[in-house]
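Structural overview
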Amino acid sequence: MADERPVHIESTADRQFGTNSYLVEDESTRDAVVVDANLAPELMVDLVRGRGSTVRAILLTHTDIDHVAGLGRLRKEFGDEVPIAVHDAEREVVAGGTVLRREFGAPSLPAFDNVARLVPGEVYRAGSLEFEVLHTPGHSPGGVTLKIGNALFTGDALFAGSIGRSDFSNSDGRALLEGIRRELLSQPDDHLVFSGHGPASTIGQERRFNPYL
């Protein structure tokens, strides 16, 4: 099981897509990770500086452009020694500078080195923080949920009152629902859902009231 020590969680959101980036910090050690890199990375940089956190890794729930556009600024600020961790199915978006969605016509990112693996069923360790990696594909092939304590960072799989889009060429609506039911709805009702867009929720709230589940 991953570490369940108390952590501080704080979010920033960009104006263009309302995409959430999260700072997850062990308050006893000040070790931290950033979950997803939205289009306003300067907000996360300011948050990290203000708290005096030491960023040990950047973890990606998936690689849509609005979740990775800030990687260059974050790497410049926190250093190339900070790994960027992603599921193998979407590794080349980060390591090879490819694009995830041809439909968007979005420019590719530069290729980054020091790319680590988020392996479903395994624990990812970043300093004193430990995250369970849950595979929640469907919105994208390598979509993952990152669990630490009672917090679930669900990316664009599960939202408050909704679920992720599955109308892209590399999406799979059936896999999306199966992953949510298997990996997320199996969690306790009081577990917190921190999604890629919108407000936080709980598993119990989504189990009872989400019209898509």
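**Thoughts on the pattern of salt bridges**
Between side chains of opposite charge, a pair can form as their charged atoms come close. Here the structure, examined in full by the defined rule, presents 14 salt bridges. With its nearest N and O atoms 2.9 Å apart, the salt bridge here joins Arg-51 to Glu-25. In this pair, Arg-51 is assigned in helix H1 (residues 41–51) and Glu-25 in strand S2 (residues 20–26), connecting sequence segments 26 residues apart. Where salt bridges share partners, they join Glu-25, Glu-27, Arg-30 and Arg-51 into one cluster.

**Side note on the packing of H1 against helix H3 (residues 71–78)**
Viewed as axis vectors pointing N to C, H1 and H3 meet at an angle of 25°, and their least axial separation amounts to 9 Å. Of the possible angle classes, the one that applies to H1 and H3 is roughly parallel. Judged by the sense of rotation from one axis to the other, the crossing of H1 with H3 is right-handed. Touching Pro-41, Glu-42, Met-44, Val-45, Val-48 and Arg-49 of H1 are Arg-73, Leu-74, Glu-77 and Phe-78, all from H3.

**A look at the packing of aromatic side chains**
Counted under the stated rule, the structure contains 3 aromatic pairs. For the ring pair Tyr-22 and Phe-194, a centre distance of 5.7 Å and an interplane angle of 70° mean the geometry is edge-to-face. Remark: Phe-194 occurs in strand S13 (residues 192–195) and Tyr-22 occurs in strand S2; sequence separation between them is 172 residues. Geometrically, the ring pair formed by Phe-153 and Phe-194 is stacked, given 5.3 Å between the ring centres and 20° between the ring planes. Taken together, the residues span a long stretch of sequence, with Phe-153 in strand S10 (residues 151–155) and Phe-194 in strand S13 at a distance of 41 residues. On the basis of relative accessibility, which here comes to 0%, the residue Phe-153 falls in the buried class. Of the residues examined, Phe-194 reaches a relative accessible area of 13% and is grouped as buried.

Here is what the cut-offs are and how they apply
- Residue positions within a chain follow its written sequence, with the count starting from 1.
- It should be noted that, the model being predicted, local features are given only for residues of pLDDT at least 70 and side-chain atom pairs only at 80 or more, the latter also being counted only at that level, while totals for whole chains, interfaces and linings use all residues.
- In computing side-chain values, all of the structure's heavy atoms are included and hydrogens and water are not.
- Salt bridges, as used here, are contacts in which a Lys or Arg side-chain nitrogen is within 4 Å of a carboxyl oxygen on Asp or Glu.
- Each helix is a run of H or I in the DSSP string that is no shorter than four residues. Each strand is a run of E no shorter than two, and both are numbered from the N terminus.
- The convention used is that axes are lines fitted to C-alpha atoms, helices contributing only their stretch in contact, and that angles between N-to-C directions extend from 0 to 180 degrees.
- Angles are sorted into four bins: roughly parallel if under 35 degrees, roughly antiparallel if over 145, roughly perpendicular if 65 to 115, and oblique for all others.
- By the definition used in this description, the sense in which the near helix is turned from the far one sets the handedness, with an anticlockwise turn below a right angle giving left-handed and a clockwise turn giving right-handed.
- Only heavy atoms enter the contact rule, under which two residues are in contact if any of them lie within 4.5 Å.
- Aromatic contacts are taken between Phe, Tyr and Trp rings whose centres are within 6.5 Å, Trp giving its six-membered ring; a plane angle under 30 degrees counts as stacked, one over 60 as edge-to-face, and the others as tilted.
- Each residue's exposure class comes from its accessible area (1.4 Å probe, protein chains only) as a fraction of the maximum for that residue type: buried when under 20%, exposed when over 50%, partly exposed otherwise.

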